[in-house]
Amino acid sequence: DAEEYQPPIWKSYLYQLQQEAPRPKRIICPREVENRPKYYGREFHGIISREQADEILAGIEGAYILRESQRQPGCYTLALRFGYQTLNYRLFYDGKHFVGEKRFESIHDLVTDGLITLYIETKASEYISKMTTNPIYEHIGYATLLREKVSRRLSRTKNESRKASVTSEENTPVEKITSLVRRAALTQNDNHFNYEKAHNFKVHTFRGPHWCEYCANFMWGLIAQGVRCSDCGLNVHKQCSKYVPNDCQPDLKRIKRVYCCDLTTLVKAHNTQRPMVVDSCIREIEARGLKSEGLYRVSGFTEHIEDVKMAFDRDGDKADISASIYPDINIIAGALKLYFRDLPIPVITYDTYSKFIEAAKISNADERLEAIHEVLMLLPAAHYETLRYLMIHLKKVTLHEKENFMNAENLGIVFGPTLMRPPEDSTLATLNDMRYQKLIVQILIENEDVLF
């Protein structure tokens with residue numbers, strides 16, 4: 001199937017321009033300069049004026065020197081010849097050289113990147129401004145052609161790992177599939193829990209030529225040419241990243257751990273409705289621990305809870321948390337609470353925290369319930385589903401109150417600060433809000449059939 005795959009037509013105009021950009025020409029100072037900074041070479045000409053720098057560089061496109069400012073001794077300037085004029089940039093060093101955001105190991109690299117950027121922006125400013133208007137991302141016809149083929153491959157291997165589902169044993173051309181195409185195919189065919197997730201873009205330096213997977217244009221420059229999503233691997237221009245939809249499909253190969261991982265990222269990477277930690281722990285607790293006295297209040301041994309955490313991080317949903325390995329159910333309950341505490345964004349998100357607290361302060365019970373229901377609707381889908389499932393479970397716990405001595409209020413005390421934390425790290429705010437955190441969870445448990 002993969003042999004018929006046709007890659008998209010990447011646009012080469014900007015790549016050609018980068019090839020045409022002037023090359024750096026270092027103009028060496030003919031004399032030995034006293035007090036030359038140790039991190040500059042012989043391109044440093046000491047204290048000279050702009051006019052002198054202009055004379056030295058005259059007529060040599062791409063030529064550059066470094067000089068110390070006459071007006072501000074101790075401050076350094078890169079003088080660069082481009083477009084028949086001398087450009088002067090304040091130069092800084094903090095272990096690397098920079099004039100703007102990008103930091104370079106050498107002055108030569110800085111100048112090379114600067115000349116590429118100047119040349120492309122001079123020649124193609126109008127083209128660049130229109131790059132995002134007709135993106136391949138929104139017209140991925142080549143992905144549509146591939147969907148059925150990838151779907152068949154996925155269906156044949158759906159019991160295997162994600163890696164096996166997109167890479168054939170013979171290393172056939174299926175490996176050519178870009179992250180964009182793979183993600184489109186998975187969205188259509190393999191992801192039943194289509195939660196919305198923003199991309200986690202970080203500035204990235206690409207080795208060798210790379211093209212933007214949003215607009216199909218070349219990502220120019222020597223370093224930090226664009227951004228890469230650390231969850232799914234999508235590569236785009238920084239300016240294009242603003243237009244990419246919230247359709248990140250995390251790749252399991254990029255998810256290093258289970259605990260401390262963003263909730264939506266984890267469920268999308270594993271293609272599950274809820275985090276597998278939540279499902280596994282609750283399944284185990286309901287099988288053998290609902291009548292355990294002080295369930296969720298009594299602590300298990302910390303080192304054993306850490307063992308469970310490492311097992312999930314290492315083995316994912318294959319982690320063995322059965323009674324033969326961990327006979328004390330409080331260890332499993334502790335591991336579940338730890339998972340919620342370790343989330344970078346709590347189940348009840350920072351964005352909704354203050355709205356939940358305000359709802360809890362409403363004195364009229366019916367109005368309070370309505371307000372809480374409205375705020376629940378603001379939670380991200382994966383967070384909402386996880387909270388719903390947990391509340392159904394905690395309601396079951398309260399049904400065995402005679403044996404476990406855990407009612408909705410007691411569980412609210414335990415899970416309030418576990419499921420919701422104030423956005424600002426303020427001890428005073430946390431103390432002031434504790435009774436409302438408890439009340440929120442208590443209400444969610446008691447009214448889970450109405451609220452969810």
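Numbers given for residues are sequential positions, taken from 1 along each chain in its written order. Residue-level local features of this predicted model are given only where pLDDT is at least 70; pairs of side-chain atoms are given and counted only at 80 or more, and the full residue set underlies all totals for whole chains, interfaces and linings. Hydrogens and water are ignored here; the side-chain numbers use all heavy atoms of the structure.

The protein goes by Beta-chimaerin in an unreviewed UniProt entry, where it is assigned to Ceyx cyanopectus. Under the Subcellular location (unreviewed entry) heading, UniProt states for the protein: "Membrane". UniProt positions are given in the numbering used here, feature names are shortened, and annotations may be inferred rather than shown by experiment.

A. Representation of the pattern of salt bridges. One speaks of a salt bridge when a side-chain nitrogen belonging to Lys or Arg is within 4 Å of a carboxyl oxygen belonging to Asp or Glu. Going through the model one piece at a time under the given rule, you end up with 18 salt bridges. The closest approach of N and O atoms between Asp 113 and Lys 102, which form a salt bridge, is 3.3 Å. With Asp 113 in helix H3 (residues 107-129) and Lys 102 in the loop between strand E6 (97-98) and H3, this pair connects stretches of sequence that are 11 residues apart. In this structure Lys 102 comes out as partly exposed when scored by relative accessible area, which is 23%. With a shortest N-O distance of 3.3 Å, Lys 438 and Glu 409 are connected by a salt bridge. Linking Lys 438 in helix H16 (residues 427-446) with Glu 409 in helix H15 (residues 408-419), this pair joins segments that are 29 residues apart in sequence. A relative accessible area of 38% means that Glu 409 is categorised as partly exposed. Taken together, the shared-partner salt bridges in this structure form one network comprising Arg 274, Asp 279, Glu 385 and Arg 388. Helix and strand definitions follow DSSP, with helices as H or I runs of at least four residues and strands as E runs of at least two, each counted in order from the N terminus. Each residue gets one of three labels from its accessible area relative to the maximum for its type: buried under 20%, exposed over 50%, partly exposed in between, using a 1.4 Å probe on protein chains only.

B. Quick look at the nonpolar core. Buried Ala, Val, Leu, Ile, Met, Phe, Trp, Tyr and Cys residues that are joined via side-chain atoms within 4.5 Å together make up what is termed a nonpolar core. Tyr 296, Phe 312, Phe 340 and Phe 415 are the most contacted members of the largest nonpolar core, which has 68 residues in total. Of all the elements, helix H10 (residues 329-342) adds the most residues to this core, at 9 residues. Each of domain 3 (269-341) and domain 4 (350-450) contributes no fewer than three residues to this core. Note on definitions: a residue-residue contact is assigned when non-hydrogen atoms from the two residues lie within 4.5 Å. For Phe 415, the residues in contact, after removing those within four places along its chain, are Tyr 296, Lys 337, Phe 340, Leu 390, Leu 394 and Val 441. Formed by 44 residues, the second largest nonpolar core is a distinct cluster that contains Cys 29, Leu 78, Leu 110 and Trp 220. The split of the chain into domains comes from an automatic or database domain assignment.

C. Inspection of helix H1 (residues 13-20) at higher detail. All of the buried residues in H1 are Leu 14, Leu 17 and Gln 18. Summarising the axial view, the buried residues of H1 lie within an arc of 100°, below the 170-degree limit, and thus occupy one face. Check the buried side of H1 and you find it contacts H3. This arc describes the spread of directions from the helix axis toward the C-beta atoms.

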